[in-house]
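Below, each chain spelled out in residue letters.
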Amino acid sequence: MKPVNAVITEVVEETPTIRTFFFETSFDPEPGQFVMAWIRGIDEIPMALSYDNAITVQKVGSATSALFELGNGDSIGIRGPQGKGFDRKSGHILLIAGGVGAAPLAPLAEKSSSEGIQVTTLLGAKTKEELVFRKRFEKAGDVLIATDDGSDGKQGYVTQLIENNEIYSQIYCCGPEIMMKKVFDKVPLSKAQFSLHRYIKCGVGICGACCVDGLRVCLDGPVFPGDVLKNTEFGFYKRNECGERVKV
Amino acid sequence: MLSLKLTGIPLKNPLMLAAGIMGTTGGSLKRIAHAGAGALVTKSIGLEPKSGHSNPSMVEVDCGYLNAMGLPNPSYKNFQHEIDTAKEGGVPVIASIFGGCAFDFSQISGALHADAFELNVSCPHAHGYGAEIGTDPALVEDITCAVKNVVDVPVWVKLTPNVTNIKSIGLAAQRGGADAVVAINTVRAMAIDIESGYPILGNKFGGLSGRAIKPIAVKCIYDLYEALDIPVIGVGGISDWKDAIEFIMAGAQAIEIGSAIGNNINIFKDISSGMEAFFSEKEWTLEEIYGMAHKV
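Here is what the cut-offs are and how they apply
Residues numbered from 1 in each chain as written. Chains lettered and ligands numbered in written order. Predicted model: local features only at pLDDT ≥ 70, side-chain atom pairs only at ≥ 80, totals over all residues. Helix = DSSP H or I, 4+ residues; strand = E, 2+ residues; numbered from the N terminus. Rg over C-alpha atoms; globule rule 2.2 N^0.38 Å. Buried ≥ 20, exposed ≤ 12 C-beta atoms within 10 Å, placed from the backbone. Contact = placed C-beta atoms within 7 Å. Domains from an automatic or database assignment. Nonpolar A, V, L, I, M, F, W, Y, C, P; charged D, E, K, R; others polar. Pairing = 2+ DSSP bridges. Axes fitted to C-alpha atoms, helices over the stretch in contact; angles between N-to-C directions. pLDDT = per-residue confidence, 0-100. Expected span 1.5 Å × (residues − 1). Core = buried A, V, L, I, M, F, W, Y, C linked by C-beta atoms within 7 Å. Parallel < 35°, antiparallel > 145°, perpendicular 65-115°, else oblique. Left-handed = near helix turned anticlockwise from the far one by under 90°.

S.K.: Got a minute to help me understand the overall build of chain A in this structure?
M.R.: Along chain A, the regular secondary structure elements total 4 helices and 17 strands. For 248 residues, the compact-globule formula gives about 18 Å, and the C-alpha radius of gyration of chain A, at 17 Å, lands near that figure. Taken along its principal axes, the extent of the C-alpha atoms in chain A is 50 × 35 × 35 Å. Looking at chain A as a whole, 53% of its 248 residues qualify as buried. Long-range contacts, defined here as pairs at least 24 residues apart, represent 58% of the contacts in chain A between residues at least 6 apart.

Here's what the structure looks like:
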């Protein structure tokens, strides 16, 4: 599909470095799906949908900086929703979110809780101010907090909050890959799902730039069952824009 | 039923992965081998690491895909282990390479070990590379000759359709010693976002692939088959077994598949079984339909 014109209706500052951009168009996604967001004249980047009609963005490079210059009434091009989202399970689910990785997990928390599924969230960030969507997760269930500097919750990494794996029917994880790898090594992979981030070029499953071994993050993912990621580059290497292997 | 020898290389079937598709990592190439491809062509590899054009670099249009990737690649110095991993898939691996002059091509091909080389002198949107070289018969001959001098495996030359007479470029490759030509690369094209007036591709223009270019490819293959003594490998818009049969009847000894993989990663197995059923029904062989359109 060609990009559709998505007009920004509201910009919400979630943290000092993270903003949510609401659009007048709803994309009707499954939680975990993403869009390709085209900031015209700059670049096109993959972004998780944090609401049916919004993306939540951390300012990290040229495209996100250009996006941060935009406000109500401005527009960007959007292709999507794309990829495979979270496989939703009933019972008692555990969400593990690091930083802006909370973006695709918040709609999963809300949808699951509205269906009567028990939701527990482990939410981590560098500081109290950088915690994303805390209220949304609290509304959906129990929340445990960890911050690197100890300004809220437990001081340390969110992965240190993981315990009693056996009580959860499914574990969902999104965050920096180093953090996800720690989760990967700590939970039963047969009931875990991970939302991956890779450099995405074509976004339609053809070019292979986003491949983790043979898995296409843009089409087969971005969410993968833990079992599928065993013995792959996940947690060890990613590819830069040239396709060179670089350490995670 | 589908096996053949292509420029001396035994293939279990004539369906190969086209360059630039799932071809940057050894793991992705291996996946396509396991999905039934007869051979794999890698992403085009150059002298230095290159990040390519800014995004959007590929967009679906009404009749196919428009792309301007910009030859992103990790350079030949970081690519041999990807080829070696791809080889674990059990089918021949052909290294697609590009450069700005004959010296670049010979340096890269001399350093890589692959079952064959496909020379990309046909990418329509990379300044100083690809079709900027591949539209000049003298350069094509020179580059082909330079690579032939340094490798002892087959050399295929991939041609651009963005020329007045593709036969003259094919003949130049043949004079340079090419073992086969591959036709066609994408057709120069463009799309504009009418909400803003911006060209959609980061590079503004690019190349069209997919269904729309299939009849263009068929005609190019037909013409090259008539003009050349070396085999023609057909590529451009194949999405089912009927397309594959049509290409072979036009004069392609084997074919490559690209864009159609996005919607169907099992396309190699689907096309293989479709061709086999067709041959059984018609009581024809692969050999018999090769170039059939020229003989009826």
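S.K.: Just to check I follow, could you spell out the environment of Val143(A) for this structure?
M.R.: All names here are of chain A. Position of Val143 among the secondary structure elements: in strand S9 (residues 141-147). Exposure remark for Val143: the 22 C-beta atoms within 10 Å place this residue in the buried category. Along the primary structure Val143 and Leu95 are separated by 48 residues, whereas in three dimensions their C-alpha atoms are 9.3 Å apart. Discounting chain neighbours no more than four positions away, the residues touching Val143 are Thr121, Leu123, Arg134, Phe137 and Glu138.

S.K.: Quick question: what am I supposed to make of helix H8 (residues 241-250) of chain B here?
M.R.: An α-helical turn contains 3.6 residues, so any two residues separated by three or four positions project in the same direction. All names here are of chain B. A large share of H8 lies buried, amounting to 7 of its 10 residues. For H8, the set of buried residues is Asp243, Ala244, Ile245, Glu246, Phe247, Ile248 and Ala250. In this structure, the buried side of H8 is in contact with strand S3 (15-17), helix H7 (214-227), strand S13 (232-235), strand S14 (252-257), helix H9 (267-282) and helix H10 (286-289). Remark: Gly251 follows H8 within two positions and exhibits a positive phi of approximately 130°.

S.K.: Would you mind going over the domain arrangement of chain A with me for this structure?
M.R.: Buried accessible area, meaning the area lost when the parts come together, often serves as the stated size of an interface. Residues and elements named next belong to chain A. In terms of domains, chain A is made up of domain 1 (4-82), domain 2 (90-194) and domain 3 (196-248). The centre of domain 2, based on its C-alpha atoms, is set 22 Å off from the matching centre of domain 3. The interface of domain 2 with domain 3 comprises 9 residues on the first partner and 10 residues on the second. Among the secondary structure elements, those contributing two or more residues to the side of domain 2 that touches domain 3 are helix H4 (177-184) and strand S12 (192-195). The leading source of residues in the side of domain 2 that touches domain 3 is H4, at 4 residues. For the side of domain 2 that touches domain 3, the class distribution of residues is 5 nonpolar, 2 polar and 2 charged.

S.K.: What should I look at first to understand the interface of chain A and chain B in this one?
M.R.: Contacts between chain A and chain B engage 28 residues on the former and 38 residues on the latter. Those elements that provide at least two residues to the side of chain A that touches chain B are strand S4 (43-51) and strand S6 (75-82) of chain A. Each residue belonging to the side of chain A that touches chain B can be placed in one class, and the counts come to 10 nonpolar, 9 polar and 9 charged.

S.K.: Explanation requested: the sheet that holds strand S2 (residues 18-23) of chain A in the structure shown.
M.R.: In a beta sheet, neighbouring strands pair by backbone hydrogen bonds and run either parallel or antiparallel. Residues and elements named next belong to chain A. A barrel is described by the order of its strands in space; here 6 strands give the closed sequence S1-S2-S5-S4-S3-S6, paired in antiparallel fashion. In this sheet, neighbouring strand axes are inclined to one another by 45° on average, regardless of whether the strands run parallel or antiparallel. Relative to strand S5 (residues 54-58), S2 is paired through 5 bridges, and the arrangement is antiparallel. Opposite Phe22, over in S5, you have Ala54 as the bridge partner. Of the strands in this sheet, S4 and S5 touch helix H2 (residues 102-114), which is tilted by about 30° from S4.

S.K.: What's the story with the confidence of the model for chain B in this structure? I'm lost.
M.R.: Across chain B, the average pLDDT comes to 95, with 100% of residues at or above 70. Confidence estimates for the predicted assembly give a pTM of 0.94 and an ipTM of 0.92.

S.K.: What exactly am I supposed to notice about H2(A) here?
M.R.: All names here are of chain A. Relative to the 18 Å expected for 13 residues at 1.5 Å per residue, H2 spans 18 Å between its end C-alpha atoms, a close match to the ideal helical length. When we look at burial in H2, the residues that qualify are Ala102, Ala103, Pro104, Leu105, Ala106, Pro107, Leu108, Ala109 and Ser112. Of the residues trailing H2, Gly116 is marked for its positive phi of about 85°.

S.K.: Hey, could you run me through the nonpolar core in this one?
M.R.: Soluble globular proteins tend to pack their nonpolar side chains together in the buried interior. Residue and element names in this part refer to chain B. In terms of nonpolar packing, the biggest core is built from 176 residues, with Leu40, Val181, Ala183, Ile221 and Ile255 touching the most fellow members. With 7 residues, H7 is the largest single contributor of residues to this core. Contact partners of Ile255, with chain neighbours within four places excluded, come to Pro14, Leu15, Met16, Ile233, Gly234, Val235, Ile238, Ala244 and Phe247.

S.K.: Just checking my understanding: could you explain the environment of Thr160(B) for this structure?
M.R.: You can see Thr160(B) is positioned in the loop between strand S9 (155-159) and helix H6 (166-175). Among residues more than four places away in sequence, those in contact with Thr160(B) are Ser122(B), Pro124(B), Ala131(B), Gly134(B), Thr135(B), Ile184(B) and Asn185(B).

S.K.: Even after reading the chapter, I still don't get the packing of H7(B) against H8(B), so can you show me in this structure?
M.R.: Packed helices, taken two at a time, are described by their axes: the angle between them and the distance between them. All names here are of chain B. At a minimum axis distance of 8 Å, the contact between H7 and H8 shows a crossing angle of 25°. Taken together, H7 and H8 sit at an angle that is classed as roughly parallel. Residue-level inspection shows Lys214, Val218, Ile221, Tyr222 and Tyr225 of H7 in contact with H8, the latter providing Asp243, Glu246, Phe247 and Ala250. A class-by-class count of the residues in the contact of H7 with H8 yields 6 nonpolar, no polar and 3 charged.

S.K.: Explain the sheet that holds strand S11 (residues 170-174) of chain A to me, please; I cannot follow it from the model alone.
M.R.: Residue and element names in this part refer to chain A. Within the open sheet, the 7 strands sit side by side as S10-S9-S8-S7-S11-S12-S15. Their pairing is mixed. Only two strands of the sheet have a single partner each, and these edge strands are strand S10 (154-155) and strand S15 (223-225). The sheet strands contacting H2 are strand S7 (92-98), strand S8 (118-125), S9, S11 and S12, and the helix crosses S7 at an angle near 160°.

S.K.: What is the right way to read the pairing of S6(A) from this model?
M.R.: Residues and elements named next belong to chain A. Counted residue by residue, S6 has 6 buried out of 8 residues, so it is predominantly covered. Pairing geometry for strand S3 (residues 34-39) and S6, over 4 bridges, is antiparallel. Looking at S6, one finds that Trp38 is bridged to Gly77.

S.K.: Mind showing me how you'd approach the packing of H6(B) against H7(B) here?
M.R.: All names here are of chain B. Two elements in contact, H6 and H7, have axes whose closest approach is 9 Å; the angle formed by their N-to-C orientations is 50°. In this view, H6 runs oblique relative to H7, as classed from their interaxial angle. The way H6 lies across H7 gives a crossing that is right-handed. Two secondary-structure elements touch here, H6 through Ile166, Lys167, Gly170 and Leu171 and H7 through Cys220, Asp223, Leu224 and Ala227.

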